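Residues per chain, in single letters:
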Amino acid sequence: MGTQTRWLVATRAAAITDWSCCQTFRKKSITTTVSCFSSTTRSSSLSCTWSPLTTIVSSMSYDKELAAAKKAATLAARLCQKVQKALLQSDVHSKSDKSPVTVADYGSQALVSLTLERELPSQQFSLVAEEDSGDLREESGQDTLRRITALVNDTIANEGSHSFSILTTDDVLKAIDSGKSEGGSIGRHWVLDPIDGTKGFVRGDQYAIALALLDEGKVVLGVLACPNLPLATIGHNEQHSSSNEVGCLFFAKVGDGTYLQALDGSTQTKVNVSAVDNPEEASFFESYEAAHSSHDLSSTIAEKLGVKAPPVRIDSQAKYGALSRGDGAIYLRFPHKGYREKIWDHAAGSIVVTEAGGIVSDAAGNPLDFSKGKFLDVDTGIIVTNQNLMPSLLRAVKESLNEKASSL
Ligand SMILES: Nc1ncnc2c1ncn2[C@@H]1O[C@H](COP(=O)(O)OS(=O)(=O)O)[C@@H](OP(=O)(O)O)[C@H]1O
Ligand SMILES: [Mg+2]
Ligand SMILES: [Mg+2]
Ligand SMILES: [Mg+2]
């Protein structure tokens, strides 16, 4: 069975998997040794320079923050699983930009925001998140708001924790709206995509709850909960579990590597990006939705590079997670003209990949800058790969973009 077919089988199987089994919610104390990056440990042909600020940032432990983020993302994943299993057409709405939003996007955002505030009570809380409560405050949004409130209360009740009292619709609106921060280069900001890949979620395919922390404009930790992603590696690398289990939690902290554990909290494994250096042996990821990334351009780049395998198309930052454990070696993302990338679509994914030894840059080889507010201003697109392949990937991207420009 080809890689892509296996993916489709795995993701379809994931969608029909019964998730009613109880997930243990263990509070783990994470004992980690924080090491500082030096330019030699992450050397590459790209300008991956680590400023003194980065050194200061990487010397902090962020242990409490990571534990809170894992808890928040896991809880939100449970809510999403419940909704995806029983998704009703009436649960899916259109935002003003015509993109879909569901009760689970709102519920996930409310739960993450409430959990972070509860777990880190002494810290000033700033959250940059995708959703806002505007539509839920309209008369027409009242039923949906009640449904979201019930979902959030149910999920908290099933957790068995008594530290939340029953939430009202107002509490839920406030929790959603605490995601209105603008971010920036000063202080700490959480960055949340409550469901990344909403289209995939609605289709019954891949999606991710993506949560990251910025400190002075740098991503210092990231968590990606991917409830439908098989725990077993897909593609050629068979070093991970060979079970049919789905539900991955990837997490990374600056200077400390990237780890993967099952969403039910099983033992964690350190992961690394693929070390492949021959493009003929590499496979690449791209958006499932052709409207989100030019499949034609990716195909030209892959051909120039010498990649033989067909693209692996999956929704959401699950692509970053899969790449961080070596399922594929390249991720190409070329949005169509006029689209501006948002920080919540890449913050968690980028640290998950870089801490696993990979490189994330724009199409010109510049590192992504998360310090400018909600938007990521990237040159043309985003490319991700390992250190071996990046120089030739950059050349292939440059040539393909030049050819495209001269053909217009
Ligand atoms: N036109 C356009 N171009 C590029 N990107 C867009 C566009 N429209 C939306 N989005 C963003 O894409 C996010 C989904 O991520 P992916 O593209 O990786 O997923 S997919 O495979 O296409 O489903 C998706 O994230 P969610 O809204 O969280 O699902 C959007 O932020
Ligand atoms: Mg998104
Ligand atoms: Mg989203
Ligand atoms: Mg969206």
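No experiment lies behind these values; they were computed from the predicted model shown.

Enquirer: Sorry, what's going on with the sheet that holds strand β11 (residues 312-313) here?
Expert: Whether parallel or antiparallel, the strands of a sheet pair through hydrogen bonds between backbone atoms. Judged by pairing direction, the sheet is mixed, and its five strands sit side by side in the order β11-β10-β12-β16-β14 without closing on themselves. The strands lining the two open edges of the sheet, one partner per strand, are β11 and β14 (359-362). Sitting on the sheet, helix α8 (residues 295-305) is in contact with β10 (284-286), β11 and β12 (330-333), with an inclination near 170° to β10.

Enquirer: Could you clarify how one ought to interpret the coordination of the magnesium ion (ligand 3) in this entry?
Expert: Think of it this way: four donors in a tetrahedron around the metal ideally sit 109.5 degrees apart, and six in an octahedron ideally sit 90 or 180 degrees apart. Here the magnesium ion (ligand 3) is held by Glu130 (OE), Asp193 (OD) and Ile195 (O), and the distances to it run 2.0 to 2.2 Å. Judged by its relative accessible area of 25%, Glu130 is partly exposed. Given the relative accessible area of 1%, Ile195 is considered buried.

Enquirer: Can you help me understand the sheet that holds strand β8 (residues 258-262) in this one?
Expert: Read across the open sheet, the seven strands follow the order β3-β4-β5-β6-β7-β8-β9; overall the sheet is mixed. Pairing within the sheet leaves two strands with one partner each, and these edge strands are β3 (127-129) and β9 (269-271). Mean inter-strand twist for the sheet, computed between neighbouring axes without regard to direction, equals 20°. Note that β8 and β9 share three bridges and pair antiparallel. When the sheet's bridge partners are listed, Thr258 is paired in β9 with Val271.

Enquirer: I would appreciate a short explanation of the coordination of the magnesium ion (ligand 2) in the present structure.
Expert: All of the protein donors around the magnesium ion (ligand 2) are Asp193 (OD), Asp196 (OD) and Asp345 (OD); their distances to the metal are 1.9 to 2.1 Å. The sequence pattern describing where the donors of the magnesium ion (ligand 2) fall on their chain is D-x2-D-x148-D. Separating the magnesium ion (ligand 2) from the magnesium ion (ligand 3) is a distance of 3.7 Å, and Asp193 supplies a donor atom to each of them. Exposure remark for Asp196: the relative accessible area of 8% places this residue in the buried category.

About the cut-offs
- Residues numbered from 1 in each chain as written.
- Chains lettered and ligands numbered in written order.
- Predicted model: local features only at pLDDT ≥ 70, side-chain atom pairs only at ≥ 80, totals over all residues.
- Heavy atoms only, no water.
- Pairing = 2+ DSSP bridges.
- Helix = DSSP H or I, 4+ residues; strand = E, 2+ residues; numbered from the N terminus.
- Contact = heavy atoms within 4.5 Å.
- Axes fitted to C-alpha atoms, helices over the stretch in contact; angles between N-to-C directions.
- Donors = N, O, S within 2.8 Å, 3.2 Å for Na, K, Ca; no water.
- Buried < 20%, exposed > 50% of the residue type's maximum accessible area, 1.4 Å probe, protein only.

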